[in-house]
Amino acid sequence: TGLTKVYYNGSEADWIEIDLDIGNSRLLNANIIFRPALEADDAGYTVSDGLVTGVSAGTTVSDLLASFANMDSTPKVLSANGTEIAETDLVGTGAFIQVSDSEGTAYERATVIVNGDCTGDGLTDSTDVVTIKNTIKTGSALDNCYIKAVDSDDNKVLSTLDYVKLKLTLKQ
């Protein structure tokens with residue numbers, strides 16, 4: 001008897017390149033469920049270590065998803081609480097892209113980091129500046145993804161430098 005189902009962490013194009021004739025005859029009649037890695041086209045987004053970076057403030061869900069059109073399945077953008085975000089809505093820091101296989105099983109997720117957005121609303125505005133200022137002043141904590149969105153020197157710590165750089169960015 002052969003295998004009936006195989007989960008393959010790659011695309012159909014990758015699968016075709018595998019030589020199944022040598023010792024793999026049990027795979028010939030199996031139902032292959034493809035699970036390609038989440039990767040963006042040439043839109044300036046980077047997917048690495050469970051994060052999608054390079055996302056500009058004001059990016060809509062449909063704009064973001066257009067950069068992942070090369071996938072065998074259509075990813076979804078979900079809010080931090082797991083509800084699907086409408087295609088016309090803005091993507092905010094803390095949202096995530098989720099990819100599911102042809103059976104509907106989610107197998108990969110990456111948190112979206114929107115440049116300058118530490119409030120998760122998809123915008124870079126005075127609310128973000130005030131949030132950084134208050135966080136630094138009170139010593140309160142922000143989740144790592146929100147820090148990454150405004151950490152201008154990439155040292156994983158919010159500082160006065162990050163505050164000043166974001167404030168100057170808004171004045172431009």
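The structure we're discussing is the one just above.
Draft legend 1. Focus on the pattern of salt bridges. In total, this model carries two salt bridges according to the counting rule given. Lys 5 is paired through a salt bridge with Glu 103; the nearest N and O atoms lie 2.7 Å apart. Remark: Glu 103 occurs in the loop between strand 6 (96–100) and strand 7 (106–114) and Lys 5 occurs in strand 1 (residues 5–8); sequence separation between them is 98 residues. Relative accessible area serves as the criterion here: at 39%, Lys 5 is assigned to the partly exposed category. The class of Glu 103 is partly exposed, set by a relative accessible area of 37%. Between Lys 148 and Asp 154 there is a salt bridge, and its shortest N-O distance comes to 3.6 Å.

Draft legend 2. Here's a closer look at the pairing of strand 7. Pairing of strand 4 (residues 51–55) with strand 7, which is carried by three bridges, proceeds in the parallel orientation. In the sheet register, Val 55 faces strand 7, and the bridge partner there is Val 114. As judged from the five bridges shared by strand 6 and strand 7, these two strands associate in the antiparallel manner. Across the sheet, the residue bridging to Val 99 is Glu 108, located in strand 7. Counting the residues in the hairpin turn of strand 6 and strand 7 gives five residues, including Gly 104, whose phi is positive at 90°.

Draft legend 3. Structural detail: the sheet that holds strand 3 (residues 46–48). Sheet architecture is open: five strands sit in the order 3-4-7-6-5, paired in mixed fashion. Sheet topology places strand 3 and strand 5 (76–78) at the edges, where each strand pairs with a single neighbour. Direction aside, neighbouring strands of the sheet carry axes that sit 30° apart on average.

Draft legend 4. Looking closely at the nonpolar core. With 17 residues, the main nonpolar core has Leu 64, Val 77 and Ile 97 as its most contacted residues. Of all elements in the fold, only strand 4, helix 2 (61–66), strand 6 and strand 7 reach the threshold of two or more residues within this core. If we skip the residues at most four places from it in the chain, Ile 97 touches Leu 38, Val 52, Leu 64, Phe 68, Pro 75, Lys 76, Val 77, Glu 108, Arg 109, Ala 110 and Val 112. One finds Ile 113, Cys 118, Tyr 146 and Leu 158 within the second-largest nonpolar core, a separate group that totals 13 residues.

Cut-offs used in this document
- Residues numbered from 1 in each chain as written.
- Predicted model: local features only at pLDDT ≥ 70, side-chain atom pairs only at ≥ 80, totals over all residues.
- Heavy atoms only, no water.
- Salt bridge = Lys/Arg side-chain N within 4 Å of Asp/Glu carboxyl O.
- Helix = DSSP H or I, 4+ residues; strand = E, 2+ residues; numbered from the N terminus.
- Buried < 20%, exposed > 50% of the residue type's maximum accessible area, 1.4 Å probe, protein only.
- Pairing = 2+ DSSP bridges.
- Axes fitted to C-alpha atoms, helices over the stretch in contact; angles between N-to-C directions.
- Core = buried A, V, L, I, M, F, W, Y, C linked by side-chain atoms within 4.5 Å.
- Contact = heavy atoms within 4.5 Å.

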